[in-house]
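Reading the structure
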Amino acid sequence: MRLTFLGTGAAMPLPTRHQTGLLFEGGAEPLLVDCGAGVLHRLARTRTGYEGVSTVLLTHHHLDHVSDLLSLLKARWLAGEETLTVAGPEGTADLVEDLLDAHDYLEDRLDLTLREVDPDAGAFEVAGYRVRARETDHSAHCLAYRLHVADHKDAADGERRPPTVTVSGDTEADPGLVAFADGSALLVHDCSFPDGVEVSNHPTPTRLAEAIADADADPDLGRLYLTHLYPHADGEEESMAAAVREHADVDADVRVAEDMHTVSVE
Ligand SMILES: [Zn+2]
Ligand SMILES: [Zn+2]
């Protein structure tokens, strides 16, 4: 499985950080998680392109996660593609239908499938990925996702867990969410602001590290990527990663995500 960070910024993007978008490849089809402003352009720089992305999974409906959704739909229509599936939390169908009401010339251009995720309904499959969802602590209804390739088989050891990635979505630091990610090869976590910024709905490095330290049963994490960075974090990236390392009592490789960086998850 491969993950490309298309956008690692937030509602106040930087030239180097577009709004939120993650491209997963290695399942039956590519899967785009979130589609904020700039993600369509970032997709155009990938080999998969927007032509190759027929499934979008939304963490929530804040604008920095959905701004490019209709632009993606239009680009796919103009490119001759025929389908788009949009999955996300409760309200996703209304969101997409309302957007199409406002831009009604785009209605019926693609064969559109809308799916809503109930985090209490157990695992589900989308685009060839097996996904579990967990509600986060945020100002909008938001879901974290834990996913792996659905048909993954490990020939050498049937007991081994498939390589898994957990995406936090937007959230306060939460030990329960860290426990949800336990055993993930990668945890991609909101860390919007450096320490010293008074903020709610998003963590700072020390608050995230404390949640990791407080998580039940010492979470086993491979690598932690900090993402969803505001301009306040510009130039603070190394000190933010260092603060998480210092305060989280966990053996994980902590890095700050960068736009267009691709990581293999094996
Ligand atoms: Zn956001
Ligand atoms: Zn948000």
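Notes on the structure follow. (Residues numbered from 1 in each chain as written. Chains lettered and ligands numbered in written order. Predicted model: local features only at pLDDT ≥ 70, side-chain atom pairs only at ≥ 80, totals over all residues.)

The phi angle of most residues is negative, glycine excepted, and most peptide bonds adopt the trans form. Although it is not a glycine, Asp108 adopts a positive phi angle of roughly 65°. Mapped onto the elements of the fold, Asp108 is located in the loop between α4 (92-102) and β6 (111-117). Judged by C-beta crowding, with 10 C-beta atoms within 10 Å, Asp108 ranks as exposed. At Ala127, a position not held by glycine, the phi torsion is positive, near 55°. Overall, Ala127 belongs to the buried group, with 23 C-beta atoms counted inside 10 Å. (Helix = DSSP H or I, 4+ residues; strand = E, 2+ residues; numbered from the N terminus. Buried ≥ 20, exposed ≤ 12 C-beta atoms within 10 Å, placed from the backbone.)

Counting residues in each nonpolar core, the largest one holds 72 residues, and the members touching the most others are Leu22, Tyr145 and Val244. Sort the elements by how many residues they give to this core and strand β9 (residues 143-149) lands first, with five residues. Ignoring anything within four residues of it in the chain, the contact list for Tyr145 reads Val33, Leu57, Val131, Ala133 and Val167. (Core = buried A, V, L, I, M, F, W, Y, C linked by C-beta atoms within 7 Å. Contact = placed C-beta atoms within 7 Å.)

Reading across from one edge, β7-β8-β9-β10-β11-β12-β13 is the order of the seven strands in this open sheet, with mixed pairing throughout. The open sheet terminates on both sides in strands that have one partner only, identified here as β7 (124-126) and β13 (253-256). Geometrically, the sheet is characterised by an average inter-axis angle of 25° between neighbouring strands, direction not taken into account. (Pairing = 2+ DSSP bridges. Axes fitted to C-alpha atoms, helices over the stretch in contact; angles between N-to-C directions.)

Interpretation in functional terms is not warranted from these geometric data alone.
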